[in-house]
Amino acid sequence: MKFTLSWLRDHLETSASVAEIAATLDRIGLEVEGIENPAKDLGAFVIARVLEAKPHPDADRLRVCQVDFGGKAPIQVVCGAPNARTGMVGVFAPEGTYVPGTDLLLKKARIRGVDSSGMLCSERELKLSDEHDGIIDLEPQLASRVGERFVEVVGLDDPVFDVAVTANRPDALGVRGIARDLAAAGLGTLKKDPYAKAISEGAKGRFPCPVEIRLDLASEVADACPMFAGRVIRGVKNGPSPAWLQKRLRAVGLRPINALVDITNYVSYDRARPLHVYDVAKLDGAVRARLGKAGESFLALDGKTYAIKPGMTVIGDESGALGLGGIMGGESTGVTEGTVDVLIESALFDRVRTAATGRALSIHSDARARFERGVDPQSAVPGVEIATRMVMDLCGGEPSEVAVAGRAPQPAPAIRFDPAEVARLTGIALADAEIKTILKSLGFGISGKGTALDVSPPGWRPDIEGTADLVEEVIRIHGIDNVVSTPMKGNDGVARPVMTERQRRVRAARRVLAGRGMVEAITWSFIPQTEAEHFGGGGETLRLANPISSELSTMRPSLLAGLLTGAQRNRDRAIADVALFEVGQIYEGDREDQQFTAVVGVRVGGARLTGGGRHWRESAAPVDLYDAKADLIALLEALGIDAGKAQAVREAPAWYHPGRSAVLKMGPKIVLGSFGEINPRTLKALDVSGPAVAFELRLEDLPGLKRKMREKGRLELAQLQPVKRDFAFVLARDVAAGDVLKAVMGADKGLITGASVFDIFEGAALGEGRKSLAIEVTLQPRNETLTDEAIEAIGRKIVAEVKKATGGEIRG
């Protein structure tokens, strides 16, 4: 929303500076995105008079002008404008001036053998408009002001504010609405409405409205256009609008067209009340609001032809569609300088339909911006009266009576409000009188007394629905910066947890998987029906009634489909190794107890985490089921589950490879998760190139989810350097590595903080059915460094525990 300082002062009596106005707007929630001042770039341009203009001796289209610009002597300028002539008053840029429209710094030049200093400027060169057919031709009476600054003489020294307006503030799309907020914030006094008399008394209609206004809408869609008001003014004289009106429209980025159109644009910006005007001579029968029909189209005022779809709100007559209600009118009935009789339209249009139509046709207009936020439902007839007054003042004519079809919606009901709610919700104690003053200054009606006030929101504030909204308005105007800063006391000890166990586990899952080199993905919650059936879903209750597309028709029973296809899209773009994970909802049915939170990870190609390079597996080899198992175990450990107590069984779902997958279970009933290579048939069904491995778990299946979350103690960091020692054990081939690691960790739970396998060897030298397992053990001293004797003693304990648990011997 743009407006000038002088425009604001039409509604607000204030002596505040530009900086004070901008600061106040920011403070009350109307963020100032920028302030432009034409005087900043045009300060060097002055009023000048052409004393003489004669043909260039060596160029037919050039003139050599002697220009008086207020200096000691006239200056010579070579000018190519066709309207350059003796005696004209224009705008002159002296040598050394920066010209914003051409991005040039003027220098003395020699043009076809004739010296030229400075420039006589066009409107485009000053960035006032796109006009460049000739230089600026000012009124002859301004010859008495030669040498004065151009911006001051014509009143361009008028800053332009650009304010960001949120979707809930339709009133702030009008200058009067912004002035009302500033007055409420104490930055001045809201002036009496200059059109108050025109609105209250109305223009006396001298004849019935000759154009019938109708609403051709069924009762079930009556909200598309609940009210349509119009008036005909006969005998108008259309033409260019006055300079003050053109200046304001240009300042806010609008192109002046003619007086009738400029009036509608002015009212739209001044009052947030869009209007439209029709040339009565171009209408065919009654003007009506209706829904669009298939196959209809119209040529809009922006020069484009739009295809109308059923459900769109249309304004039409007997000839067909004339425009889209609340968005844009058509060219066929547009007013021109030859218009004699004009119909002024002021209607109400549904916010949702207006927004949907604008999005469908990609039309962005000032009318759409206002109607989709919510135009004041009581402003239809006042809008006609304001426009009538302006048309009669600028174009003359005789008004008809106002024709109205439909009626405005009932005002919003009053809100029961206790002023004490301000202190309860915000902690700011304000006097009841101040609260009432703020609300009244914003246009709210107040009745009642004490703790039982009835507050009626004005029609221009459709966002006010309850007590909290009223409190927000009071604090917004009172000032967020007036909220007292209260220091928070720091308590000793660890803060109590604020997350549920489920939330904590979701966060932990994301952190550990990201730490393992996987990238989080977010995929669609719905997938093709065939894919849903492949992963055990696709039931009738999970099919969408109105899917986005045929490929997104069914709620997903697994996250694997989206992750695998996402990994393939990356591979199609030459990213060979992909590791993705997702935490999201899966669906077994439409009941709440059939929706689960799943954590799923996928690795494709050679995307494996090797743990720093010291590992018995080659990092360049394709991923296999052990990569998925490592991810799943790391995830379970991060979620507080002791994976060492789990048992791997061959019960993986059918989308896994039957011989290269497993399910981790704790006891006969608790399923912790599944992992393994993806079945080739599944990869083929999804058109994914393998190999691919994955793991899945459901948070609801894990033990302890409903258990009260345990508080962690203080973090204790060891001050001493850890010690690492390697051991190689010769064992029977069928001894699980996990059993060896468990025995190692149990040798000294105080000093041994870590153990991992880094090598495995099998060969004839070890004997039939034997293998060698190399393990790295980490010892962390606490209070004092370890001596060689202490380290040797722990080593003997480790060897003894491994032999006792597995029968393994230290390798010689």
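Since the model is a prediction, treat every value here as computed from it, not as a measurement.

Describe in detail the overall build of the chain, supporting the description with residues and values.
On a plain count of helices and strands, the chain comes out with 21 helices and 42 strands. A globule of 812 residues ought to have a C-alpha radius of gyration of about 28 Å, yet the chain, at 39 Å, is considerably larger. With the C-alpha coordinates aligned to their principal axes, the bounding extent of the chain is approximately 115 × 75 × 60 Å. Counted over contacts in the chain with a minimum sequence separation of 6, partners at least 24 positions apart contribute 69%. Counting only carbon and sulfur atoms, one obtains 50% of the accessible surface of the chain, whose full area is about 40,900 Å². Both charge centroids of the chain, one from 104 positive and one from 108 negative side chains, sit 3 Å from each other.

Residue-level account of empty space enclosed by the protein, with values.
What the rule picks out here adds up to one cavity of 30 Å³ or more. In this structure, the largest cavity occupies an estimated 30 Å³ of space. Arg725, Phe727, Val777, Leu779, Ile791, Ile794, Gly795 and Ile798 are the residues that line the largest cavity. Among the secondary structure elements, those contributing two or more residues to the lining of the largest cavity are β39 (723-732), β41 (770-779) and α21 (788-806).

Lay out the pattern of salt bridges with the relevant residues and their values.
If the charged atoms of two oppositely charged side chains come close together, the side chains can form a pair. All chains considered together, the criterion is met by 41 salt bridges. Asp115 is paired through a salt bridge with Arg110; the nearest N and O atoms lie 2.7 Å apart. Arg416 serves as the salt-bridge partner of Asp454, at 2.8 Å between the closest nitrogen and oxygen. On the criterion of sequence distance, the pair formed by Asp454 in strand β29 (residues 452-456) and Arg416 in strand β27 (residues 415-417) is long-range, its members being 38 residues apart. Look at Arg416 and you get exposed, because its relative accessible area is 53%.

Please set out the sheet that holds strand β33 (residues 578-587) residue by residue, giving values where relevant.
Sheets are built from strands paired through backbone hydrogen bonds, the pairs being either parallel or antiparallel. Taken in spatial order, the seven strands of this open sheet run β30-β33-β34-β38-β37-β36-β35, and their pairing is mixed. One side of each edge strand has no neighbouring strand; the edge strands of this open sheet are β30 (519-520) and β35 (647-649). In this sheet, strand β38 (residues 692-698) lies alongside strand β34 (residues 595-604) in antiparallel orientation, the contact comprising seven bridges. Paired with Val599 across the strands is Leu697, a residue of β38. Against the sheet, helix α15 (residues 501-515) contacts β30, β33, β34 and β38, and its axis sits at roughly 160° relative to β33. In this fold helix α18 (residues 625-638) packs onto β34, β36 (656-666), β37 (670-678) and β38, with an angle of close to 25° to the strand it touches most, β38.

Which residues make up helix α5 (residues 175-184), and what are the values?
An α-helical turn contains 3.6 residues, so any two residues separated by three or four positions project in the same direction. The element α5 is largely enclosed, with a buried count of 10 among its 10 residues. Those residues of α5 that sit buried are Val175, Arg176, Gly177, Ile178, Ala179, Arg180, Asp181, Leu182, Ala183 and Ala184.

Describe the nonpolar core, naming the residues involved and giving the relevant values.
Among the nonpolar cores identified, the biggest contains 69 residues, and Leu8, Ile21, Leu25, Ile178, Leu182 and Phe417 are the most heavily contacted of them. Of the residues forming this core, the biggest block, seven residues, is contributed by helix α8 (residues 259-271). Every residue in contact with Phe417, bar those within four places of it in the chain, is listed here: Val422, Ile435, Leu439, Thr451, Ala452, Leu453, Val455, Thr467, Leu470 and Val471. Within the second largest apolar cluster, 28 residues are counted, among which are Leu632, Leu672, Phe675 and Leu697.

I'd like to hear about the packing of aromatic side chains, residue by residue, with values.
Geometry of an aromatic ring pair is reported as the spacing of the ring centres plus the angle between the planes. All told, the structure shown has nine aromatic pairs when counted by the stated rule. For the pair Phe298 and Tyr306, a centre-to-centre distance of 6.2 Å together with 35° between the ring planes defines the contact as tilted. Comparing Phe298 with Tyr306 shows no difference in burial state: the two are buried. With 5.2 Å between their ring centres and 80° between their planes, Phe349 and Phe371 make a pair best called edge-to-face. Of this pair, Phe349 sits in the loop between β24 (342-348) and α9 (351-361) while Phe371 sits in helix α10 (residues 366-371), and the two are 22 residues apart along the sequence. Taking the relative accessible area as the measure of exposure, Phe349 reaches 7% and is therefore buried. Looking at Phe371, the relative accessible area reads 4%, which means it is buried. Among the aromatic residues, those joined into a ring-pair cluster are Trp7, Trp244 and Tyr266.

Could you give me a rundown of the confidence of the model for the chain, with the residues and numbers involved?
When pLDDT is averaged along the chain, the result is 90, and 96% of the positions lie at 70 or above. Below a pLDDT of 50 lies the segment residues 706-711, which in the model reaches eight contacts outside its immediate sequence neighbourhood of four places, other chains included.

Residues and numbers for the sheet that holds strand β13 (residues 160-163), please.
Pairing in this open sheet of three strands is antiparallel, and the strands run β1-β13-β3 from one edge to the other. Where the open sheet ends on each side, the last strands, each with one partner, are β1 (2-4) and β3 (32-36). Averaged over all pairs of adjacent strands, the angle between their axes in this sheet comes to 20°, without regard to strand direction. In terms of strand pairing, β3 meets β13 through four bridges, oriented antiparallel. Looking at β13, one finds that Ile35 is bridged to Phe161.

Can you lay out the packing of helix α7 (residues 243-251) against α8 for me, pointing to particular residues and giving the numbers?
Contact pair α7 / α8: the axes reach a minimum separation of 10 Å and the direction vectors enclose 55°. Taken together, the axis directions place α7 and α8 in an arrangement best described as oblique. In this structure, the crossing between α7 and α8 has a hand that is left-handed. In this structure, α7 uses Trp244, Leu245, Gln246, Arg248 and Leu249 to contact α8, whose residues at the interface are Asp262, Ile263, Asn265 and Tyr266. Per-class residue counts for the contact of α7 with α8 are five nonpolar, two polar and two charged.

Please provide a residue-by-residue account of the environment of Asp133, values included.
Relative to the helices and strands, Asp133 resides in the loop between β12 (119-120) and α4 (150-153). When its relative accessible area of 56% is taken as the criterion, Asp133 is described as exposed.

Describe the side chain of Ser241, and please don't skip the residues or the numbers.
Tracing the sequence through the fold places Ser241 in the loop between β16 (227-234) and α7. Reaching out from Ser241, the side chain makes a polar contact with the side chain of Asp262 at a distance of 2.6 Å. If near-sequence neighbours (up to four positions away) are discounted, Ser241 is found in contact with Gln246, Asn258, Ala259 and Asp262.

Tell me what's going on with helix α2 (residues 18-27), and back it up with residues and numbers.
When we look at burial in α2, the residues that qualify are Ile21, Ala22, Thr24 and Leu25. Looking down the long axis of α2, one finds its buried residues gathered within 165° of arc, a one-sided arrangement. On the buried face of α2, the contacting elements are β1, α1 (5-9), β3, β13 and α5. Immediately downstream of α2, the backbone of Gly29 shows phi near 95°, a positive value.

Break down unusual backbone geometry for me, with residues and values.
Phi is positive for Asp103, which is not a glycine, with a value near 55°. Take Asp103: it is sitting in the loop between β8 (98-99) and β9 (104-105). Positive phi values are uncommon outside glycine, yet Arg112 reaches one of about 50°. Looking at the element boundaries, Arg112 is found in the loop between β10 (109-111) and β11 (114-116). The exposed category is assigned to Arg112, whose relative accessible area is 51%.

Outline the environment of Arg290, supporting the account with residue identities and numerical values.
Tracing the backbone through its elements, the reader meets Arg290 in strand β18 (residues 287-291). Assessed through its relative accessible area of 9%, Arg290 is described here as buried. Through-space distance from the C-alpha of Arg290 to that of Ala321 is 9.4 Å; in sequence the pair is 31 residues apart. Residue contacts for Arg290: discarding those within four places in its chain leaves Asp216, Leu217, Glu296, Met312, Thr313, Val314, Gly320 and Ala321. Within the structure, the side chain of Arg290 is placed 2.7 Å from the side chain of Glu296, a separation counted as a polar contact.

Which residues make up the side chain of Thr264, and what are the values?
Inspection of the secondary structure puts Thr264 in helix α8. Residue class for Thr264 comes out buried when judged on its relative accessible area of 8%. Setting aside residues no more than four positions away along its own chain, Thr264 makes contact with Leu275, His276 and Val277.

So, how was this worked out
- Residues numbered from 1 in each chain as written.
- Predicted model: local features only at pLDDT ≥ 70, side-chain atom pairs only at ≥ 80, totals over all residues.
- Heavy atoms only, no water.
- Helix = DSSP H or I, 4+ residues; strand = E, 2+ residues; numbered from the N terminus.
- Rg over C-alpha atoms; globule rule 2.2 N^0.38 Å.
- Contact = heavy atoms within 4.5 Å.
- Areas by Shrake-Rupley, 256 points an atom, 1.4 Å probe, with all protein chains shown as cover.
- Lys, Arg positive; Asp, Glu negative; His and termini not counted.
- Charge placed at Lys NZ, Arg CZ, Asp CG, Glu CD.
- 1 Å grid on protein atoms, 1.4 Å probe; cavity = no way out; pocket = protein on both sides within 12 Å on 5 of 7 lines; lining within 4 Å.
- Points joined across faces, edges and corners; volume = space filled by probe spheres on them.
- Salt bridge = Lys/Arg side-chain N within 4 Å of Asp/Glu carboxyl O.
- Buried < 20%, exposed > 50% of the residue type's maximum accessible area, 1.4 Å probe, protein only.
- Pairing = 2+ DSSP bridges.
- Axes fitted to C-alpha atoms, helices over the stretch in contact; angles between N-to-C directions.
- Core = buried A, V, L, I, M, F, W, Y, C linked by side-chain atoms within 4.5 Å.
- Phe/Tyr/Trp six-rings, centres within 6.5 Å; stacked < 30°, edge-to-face > 60°.
- pLDDT = per-residue confidence, 0-100.
- Parallel < 35°, antiparallel > 145°, perpendicular 65-115°, else oblique.
- Left-handed = near helix turned anticlockwise from the far one by under 90°.
- Nonpolar A, V, L, I, M, F, W, Y, C, P; charged D, E, K, R; others polar.
- Polar contact = N/O pair within 3.5 Å; in protein donor to acceptor, adjacent residues only side chain to side chain.
- Arc of directions from axis to C-beta.

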